[in-house]
4 protein chains.
Amino acid sequence: MIIVLKREATQEIADEILSRIEQKGLKPLFMPGTERVVLGALGDERVLAELNLDGHPMVESLKPILSPYKLVSREMHPHDTIVRFGKANIGGPSFAVIGGPCAVETEDRLRSSASVVKAAGAIGIRAGAYKPRSSPYSFQGHGPEGLTTLRTIGDELGLPVVTEVMDTADVEAVAEKADMLQVGARNMQNFSLLKVLGKVDKPVLLKRGLAAKVEDLLLAAEYLLAAGNEQVILCERGIRTFETATRNTLDLNAVAYMKQKTHLPVMVDPSHGTGVRDLVIPMSLAAAACGADGLLVEVHENPVDAWSDGAQSLYPHQFETMMETLKPVLAAVGRDLA
Amino acid sequence: MIIVLKREATQEIADEILSRIEQKGLKPLFMPGTERVVLGALGDERVLAELNLDGHPMVESLKPILSPYKLVSREMHPHDTIVRFGKANIGGPSFAVIGGPCAVETEDRLRSSASVVKAAGAIGIRAGAYKPRSSPYSFQGHGPEGLTTLRTIGDELGLPVVTEVMDTADVEAVAEKADMLQVGARNMQNFSLLKVLGKVDKPVLLKRGLAAKVEDLLLAAEYLLAAGNEQVILCERGIRTFETATRNTLDLNAVAYMKQKTHLPVMVDPSHGTGVRDLVIPMSLAAAACGADGLLVEVHENPVDAWSDGAQSLYPHQFETMMETLKPVLAAVGRDLA
Amino acid sequence: MIIVLKREATQEIADEILSRIEQKGLKPLFMPGTERVVLGALGDERVLAELNLDGHPMVESLKPILSPYKLVSREMHPHDTIVRFGKANIGGPSFAVIGGPCAVETEDRLRSSASVVKAAGAIGIRAGAYKPRSSPYSFQGHGPEGLTTLRTIGDELGLPVVTEVMDTADVEAVAEKADMLQVGARNMQNFSLLKVLGKVDKPVLLKRGLAAKVEDLLLAAEYLLAAGNEQVILCERGIRTFETATRNTLDLNAVAYMKQKTHLPVMVDPSHGTGVRDLVIPMSLAAAACGADGLLVEVHENPVDAWSDGAQSLYPHQFETMMETLKPVLAAVGRDLA
Amino acid sequence: MIIVLKREATQEIADEILSRIEQKGLKPLFMPGTERVVLGALGDERVLAELNLDGHPMVESLKPILSPYKLVSREMHPHDTIVRFGKANIGGPSFAVIGGPCAVETEDRLRSSASVVKAAGAIGIRAGAYKPRSSPYSFQGHGPEGLTTLRTIGDELGLPVVTEVMDTADVEAVAEKADMLQVGARNMQNFSLLKVLGKVDKPVLLKRGLAAKVEDLLLAAEYLLAAGNEQVILCERGIRTFETATRNTLDLNAVAYMKQKTHLPVMVDPSHGTGVRDLVIPMSLAAAACGADGLLVEVHENPVDAWSDGAQSLYPHQFETMMETLKPVLAAVGRDLA
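Residues numbered from 1 in each chain as written. Chains lettered and ligands numbered in written order. Predicted model: local features only at pLDDT ≥ 70, side-chain atom pairs only at ≥ 80, totals over all residues. Heavy atoms only, no water.

Asker: I keep staring at the packing of aromatic side chains and nothing clicks. Help me out?
Answerer: A ring pair, where both rings are aromatic, is described by two values, the distance of the centres and the angle of the planes. Applying the stated criterion across every chain, the model contains eight aromatic pairs over all chains. Note on B:Phe139 and B:Trp307: the rings are 5.0 Å apart at their centroids and 85 degrees apart in plane angle, and the pair reads as edge-to-face. Here the residue B:Phe139 occupies a position in the loop between β8 (124–126) and α4 (144–157), and B:Trp307 occupies one in the loop between β14 (294–298) and α11 (316–332), the gap between them amounting to 168 residues. According to the relative accessible area criterion, B:Phe139 is partly exposed, its value standing at 21%. Each ring, one from C:Phe191 and one from C:Tyr223, has its centre 4.7 Å from the other, and the planes form 25 degrees; the classification is stacked. With C:Phe191 in helix α6 (residues 191–197) and C:Tyr223 in helix α7 (residues 214–226), this residue pair connects regions lying 32 residues apart in the sequence. The two residues C:Phe191 and C:Tyr223 agree in class, both being buried. (Phe/Tyr/Trp six-rings, centres within 6.5 Å; stacked < 30°, edge-to-face > 60°. Helix = DSSP H or I, 4+ residues; strand = E, 2+ residues; numbered from the N terminus. Buried < 20%, exposed > 50% of the residue type's maximum accessible area, 1.4 Å probe, protein only.)

Asker: Explain the side chain of D:Thr262 here, please?
Answerer: All names here are of chain D. Secondary-structure assignment places Thr 262 in the loop between α8 (252–261) and β13 (266–268). Taking the relative accessible area as the measure of exposure, Thr 262 reaches 0% and is therefore buried. In this structure Thr 262 touches Val 72, Ser 73, Arg 74, Leu 218 and Leu 234, once residues within four positions along its chain are discounted. (Contact = heavy atoms within 4.5 Å.)

Asker: Hey, could you run me through the interface of chain A and chain C in this one?
Answerer: How big an interface is tends to be reported as the loss of accessible area on association of its parts. At the junction of the two partners, chain A supplies 23 residues and chain C supplies 23 residues. Interface of chain A and chain C: buried area, both sides summed, is about 2100 Å²; carbon and sulfur atoms make up 63% of it. Linking chain A to chain C there are two salt bridges. Of the charged contacts in the structure, one is a salt bridge between C:Glu75 and A:Arg7, with a shortest N-O distance of 2.8 Å. (Buried area = accessible area lost by both parts, 1.4 Å probe. Salt bridge = Lys/Arg side-chain N within 4 Å of Asp/Glu carboxyl O.)

Asker: Please clarify how the pairing of strand β9 (residues 161–164) of chain C should be interpreted in this entry.
Answerer: Each regular strand carries side chains that alternate between the two faces of the sheet. Residue and element names in this part refer to chain C. Residues Val 161 and Thr 163 point to one face of β9 and Val 162 and Glu 164 to the other, with burial holding for every one of them. With helix α4 (residues 144–157) bridging strand β8 (residues 124–126) and its parallel neighbour β9, the resulting β-α-β unit is right-handed. Sheet analysis places β9 next to strand β10 (residues 180–183), joined by three bridges and oriented parallel. Bridging across to β10, Val 162 finds its partner in Met 180. Remark: the β9/helix α5 (residues 171–177)/β10 crossover connection has right-handed handedness. (Right-handed = clockwise from strand over helix to strand, strands pointing away. Pairing = 2+ DSSP bridges.)

Asker: Even after reading the chapter, I still don't get unusual backbone geometry, so can you show me in this structure?
Answerer: Across residues other than glycine, the phi torsion is negative in most instances, and most of the peptide bonds are trans. Even without a glycine there, the phi angle at A:Asn52 is positive, about 50 degrees. Given a relative accessible area of 8%, A:Asn52 falls into the buried group. In this structure, C:Asp309 takes a positive phi of about 55 degrees despite not being glycine. Mapped onto the fold, C:Asp309 is located in the loop between β14 (294–298) and α11 (316–332).

Asker: I'm lost on the interface of chain C and chain D in this one. Help?
Answerer: Counting residues at the interface gives 50 residues for chain C, matched by 51 residues for chain D. Here chain C packs against chain D, burying approximately 3900 Å² in sum over the two surfaces, 48% of which is carbon and sulfur. The partner of D:Arg240 in a salt bridge is C:Asp216, and the shortest N-O contact between them spans 2.7 Å. Seen at the junction of chain C and chain D, the total is 24 residue pairs in polar contact (both at pLDDT 80 or more). Those elements that provide at least two residues to the side of chain C that touches chain D are α6, α7 and α10 (277–289) of chain C. With five residues, α7(C) is the largest single contributor of residues to the side of chain C that touches chain D. Within the side of chain C that touches chain D, the residues separate by chemical class into 22 nonpolar, 13 polar and 15 charged. (Polar contact = N/O pair within 3.5 Å; in protein donor to acceptor, adjacent residues only side chain to side chain. Nonpolar A, V, L, I, M, F, W, Y, C, P; charged D, E, K, R; others polar.)

Asker: Sorry, what's going on with the sheet that holds strand β2 (residues 27–32) of chain A here?
Answerer: Two pairing modes exist for strands in a sheet, parallel and antiparallel, and in both the strands are linked by backbone hydrogen bonds. Residues and elements named next belong to chain A. Ordered in space as β2-β3-β1-β4, the four strands form an open sheet in which the pairing is antiparallel. A single partner strand is all that each edge strand has here, and the edge strands are β2 and β4 (59–63). Each adjacent strand pair in this sheet contributes to an overall mean axis angle of 20 degrees, direction not counted. The strands that helix α1 (residues 11–23) touches are β1 (2–5), β2, β3 (37–42) and β4; relative to β2, the one it contacts most, it runs at about 160 degrees. (Axes fitted to C-alpha atoms, helices over the stretch in contact; angles between N-to-C directions.)

Asker: I would appreciate a short explanation of the state of the cysteines in the present structure.
Answerer: Chemically, a disulfide is nothing more than a covalent bond linking the sulfur atoms of two cysteines. With the rule as written, the count across this model stands at zero disulfides over all chains. Left unpaired, C:Cys102 is separated from the closest cysteine sulfur, that of C:Cys235, by 14 Å. (Disulfide = S-S within 2.5 Å.)

Asker: Before we go on, may I ask you to explain the relation of the copies chain C and chain D in this structure?
Answerer: Two copies of one chain are present, and they are related through a rotation about an axis combined with an axial shift. Mapping chain C onto chain D is achieved by rotating through 180 degrees and translating by 0.0 Å along the same axis, at an RMSD of 0.0 Å. Each copy turns onto its partner about a two-fold axis. Of the C-alpha atoms belonging to chain C, the one lying closest to the rotation axis is found on C:Ala211, 2.7 Å away. A symmetric contact is evident, with 100% of the interface residues of chain C recurring at the interface of chain D. (Least-squares fit on C-alpha atoms with pLDDT ≥ 70 in both.)

Asker: Help me understand the confidence of the model for chain A, please; the structure alone is not making it clear to me.
Answerer: A residue-level look at chain A finds 99% of positions with pLDDT of 70 or above and a mean pLDDT of 94. Interface predicted TM-score (ipTM) for the complex: 0.93; the corresponding pTM is 0.94. (pLDDT = per-residue confidence, 0-100.)

Asker: Teacher, can you tell me more about the sheet that holds strand β2 (residues 27–32) of chain D here?
Answerer: Residue and element names in this part refer to chain D. Pairing within the open sheet is antiparallel, and its four strands lie in the order β2-β3-β1-β4. Both outer strands of the open sheet, β2 and β4 (59–63), are each paired with one neighbouring strand and no more. With direction set aside, neighbouring strand axes in the sheet form an average angle of 20 degrees. Packing of helix α1 (residues 11–23) onto the sheet brings it into contact with β1 (2–5), β2, β3 (37–42) and β4, and relative to β2 it is tilted by some 160 degrees.

Asker: Just to check I follow, could you spell out the nonpolar core for this structure?
Answerer: Soluble globular proteins tend to bury their nonpolar side chains together. Core analysis: the biggest nonpolar cluster contains 324 residues, and A:Leu252, B:Leu252, C:Leu252 and D:Leu252 have the highest contact counts within it. When neighbours within four sequence positions are excluded, D:Leu252 is seen to be in contact with A:Leu252, A:Met283, A:Ala286, D:Val268, D:Met283, D:Ala286, D:Ala287 and D:Cys290. Judged by nonpolar contacts, the second largest core, of 17 residues, contains C:Met1, C:Leu5, C:Ala41 and C:Leu53. (Core = buried A, V, L, I, M, F, W, Y, C linked by side-chain atoms within 4.5 Å.)

Asker: What is the right way to read the pattern of salt bridges from this model?
Answerer: Where charged atoms of side chains with opposite charge meet at close range, the side chains can pair. Residues and elements named next belong to chain B. The full count for this structure, using the stated rule, is 80 salt bridges over all chains. Put simply, Glu 105 and Arg 109 hold a salt bridge, and the shortest N to O gap is 2.4 Å. Accessibility expressed as a relative area gives 6% for Glu 105, which makes it buried. Take Arg 109: its relative accessible area is 15%, and that puts it in the buried class.

Asker: Would you mind going over the relation of the copies chain A and chain C with me for this structure?
Answerer: Structural alignment of chain A on chain C gives an RMSD of 0.0 Å, achieved by rotating through 180 degrees and translating 0.0 Å along the axis. Both copies present the same face, since 100% of the interface residues in chain A are matched by interface residues at the equivalent positions in chain C.

Asker: Even after reading the chapter, I still don't get the packing of helix α7 (residues 214–226) of chain A against helix α8 (residues 252–261) of chain A, so can you show me in this structure?
Answerer: The packing of two helices is summarised by the inter-axis angle and the distance between the axes. Residue and element names in this part refer to chain A. Where α7 meets α8, the axes come as close as 11 Å, and the angle between the chain directions of the two elements is 50 degrees. The angle between α7 and α8 places the two elements in the oblique class. Considering only the axes of α7 and α8, their crossing is right-handed. Contacts between α7 and α8 pair Val 214, Leu 217 and Leu 218 from the former with Ala 254, Tyr 257 and Met 258 from the latter. Split by residue class, the contact of α7 with α8 holds six nonpolar, no polar and no charged. (Parallel < 35°, antiparallel > 145°, perpendicular 65-115°, else oblique. Left-handed = near helix turned anticlockwise from the far one by under 90°.)

Printed below as a string of structure tokens:
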């Protein structure tokens, strides 16, 4: 931590802070300059947070030296974490595509969409039973019945399923039916939920929040690992910016960046990342090219009739095209479809 | 709803959509143009959402005519809603200031900060027992013991208390101790939490999310009203933008805008809205000048030593200055301190 | 400057950088830590920029200690700069309101709008002869004829005029006719233009860019001062964010922040800052309350018929109301209308 | 254009607007609803802008039906435009890589960097003689001497050169020396510059502004085409968002979107788009995969020593790796290196 003191800070102030740094077991540094005094504190910065120096009236600014996340960092854990999802490994050399409709609507519709997805080579099914919707008047999902339908179809087709959990009260029920639990963008910093999921023996797919910096996402994952769950997959799904031509701005920089900083697998959701059906295939290829470990894609047997997210759901034939088009791109970067 | 069809859409497509609009009890409109066919549907747009036209392959764009929120709209309810908090009314002619530390630390510290706040004229106390923190290694709040301490001090000083609830599992416990329940920015779209709070017989302070549009905030409030709770206060607390000189960008435009669009009271949190202690007073005055109904301000008996948010907490003397400075500005806009 | 080295950096690398720092006449610091080596360089950071350490493969991050702007800083120049505009002083105790239409349309229309503005107490007139418009098909302004009309009306009413200059080729012509030259948001980082304006003997009104950090704005002003022009007024006019309810997000935090960091006057443009006529008055009051030195407001004799920016232009009676409403708010903060 | 009237608008208001629409030669539509009256105007919306309906006090909102750009639209011009740059075609089946240092520093250094770029297969050289820098104390470029150096090296190596022009006063000089003129992000809406470049007989590379929507970029290009220059290449180079881990957020959504909406070639600048050397290669591959027509990449013979942008400049061996890695990805999407 670098501590820049205000111009009017006295030597006594500097000494007081230096001794508090030392008491925490960190190495204090004194750097007097012509315009300002600068102090340093070297060591585990998590301890330093307890000094609450950001509230000090003589401190002009604080600059951390090291990243605040530890367990998710590649520095602490250089090898890629591989998350098991059904029979597939996510985070290894194979690229994992998970597809399905936005929501579980009816059993027949889910069977139909999931069959398309399986036939085209996806390794798992996605569909929501609990749906976070901006308006209370929009379809909110079928809840427990939706979970049962999802499990039924997953078993029938022999594919694992991932679905969103929105509330600590539902974690047990969702964990019982699903093979992976998804934390949605709007709940990425629902820390109560993260703490409970850190105790669950199922993998967690953690989606980036609409206004979450990459560091916020890594710290949210740190909650899961710190609580004991190491089976975590990160998911870039677009951030909110001033651009209105697309629903969100898919931040592929973040994918390449996170692959360097963390050992956790990183997936991409080009459906929410664009909000526009016709942009899903090109952005899927881009995600594969820049190092993502897989995709989460919305597909519907008949998007015209979908109860939610129809505008960004692929038609079955588009999903098939996407899978075919992905193969040579993955080969070009030394990977294959899982 | 205005429905712009793609250039290649045929008459059959237009007819099919028009008949679906009619079946929903809405008035269909056909508007053929030289470059495009445009359709209209007039009536309650909540019904229209069920047509899922955004997924239609021949629909180029959809443009709503009316706002998607209803119960929170001033059109439906022209008179200001007044929320009772202890002995004070929020949303009427008096301006309500609620102050206190970021978190309940110890009983003595809370007593000390709360006494300052009371002496200076605040109508209530704020302090967190459950703290949402970006890092799992930061102080997470004292939980139930914090609630008890907060209730004790509130009773001792004769002031109502507001505190954050982060999880549906804690709603009952928080509602038992607090006079108002706060939904934090990171939970603004935790719809499970909103649905439960909609059934609680206590007022709710709903803070705007970091990336929430004003419309998203109004729709989140709509969840509360639709579930039966009409005692809702909105709170602008800064949004996340590219600016880094301040922690957030306080969006006072949103305050003036919401006062015109909704009957619910609107408060401002200049502490999170700036993140910088020395900016809190000027932004408090600005909030009062543009029509806010009150403030939520962080004050600490000794910010240097605060366990969280020290950099944005006022010193006691600053809070007193703020209250004194507010009075003439409020008088200038025809209001007074509650 | 704090220089954090990568984990794999050797002692040789550190020594090499330290000696380069010393050669620039700065004080080098060596701070070995348990996880990283950190270096420091104390002194004028403008010199340090020449070392180009951000390109060094063994440098993980660079953190400036001091602000990169100097001449505009209040540290270097503690007293408020006062800019003379006609008979008024901007930046002193009086609050300056400049009003007028978006563009010079016809001489009669300008006379009509400017008369309203004068009668209500404005100290100057604004109107554009050169208009930056997103579309090439929108009205682009009358150019030189517009300047002449503006000068005529200004002389007729005895009020100074401010107008935008978009091109170095026009600076001389605009400087001849106008009392103050405006740099629009889209040209805030048109450094060629700033360099030329730094040589002009007329005050410059520098508007913040749509994506400009406060520091970028202060550095743009630094261009003007470094070239010799100290008559500079900064103008907050809203930044571009994800919010769509308003045209821009007026960042009043920036006003309070800049008043603390720089000695230059800071004005606010609530017309562009909101884009919505009905929000202009409340945001004008907020600007006055938080310490702005004046306003730049669009007013039109008949906004329904304005050739540009009609939606955000005040009606004459609204401008009069604004001026009346401002008076008590200004009195409350110890100021008056210029 | 769809015109939503306010609730209180009378029939007379509607009639007045409808007759103004008709007078402009557009087809007026009257759509009375239960809550609001909605009007329509079908035809060329450029004409409609002259009605200035956004300023009307009884108009609640305006919603354009058609895009405001025409000449750049693929609807008007379905076939890809191909821009000739030296011996290469940009916008056709071959993928064009242009490389070089941020700035022209010395002739020897430029020769060295440019030779690397040529040897690895680039089709042209980029380097700045006029440099837009946030601070007036940073290196500003060599100006005319830089242009001469650039021309010399281009001729020596037999490669065309592209360089930035910042001011209308320099257009002639730059056009004389360069094979393509670049408009930088900060000048994307310098409309005076665009109008002059629209008359130049050289191709223009137009970079997206930091806060420019895709539509703003297309409208800026429309300025060039409307003035007569059809040799225009668009360049995505990252937008400014809240994320701080990278210098900008590279918006590849915009690339895929623009390839569908316009016939103009679209290039990507992954150097500015990330600001981080180690992210340039993955984002180059992503750009190639999602349909970009080429890359603009910063390469320096010795980035440690670069006078600007060292942190994002590739080492020569990295540029070679990038070119090799691109080949199979391009083959996977049916293209090759130009």
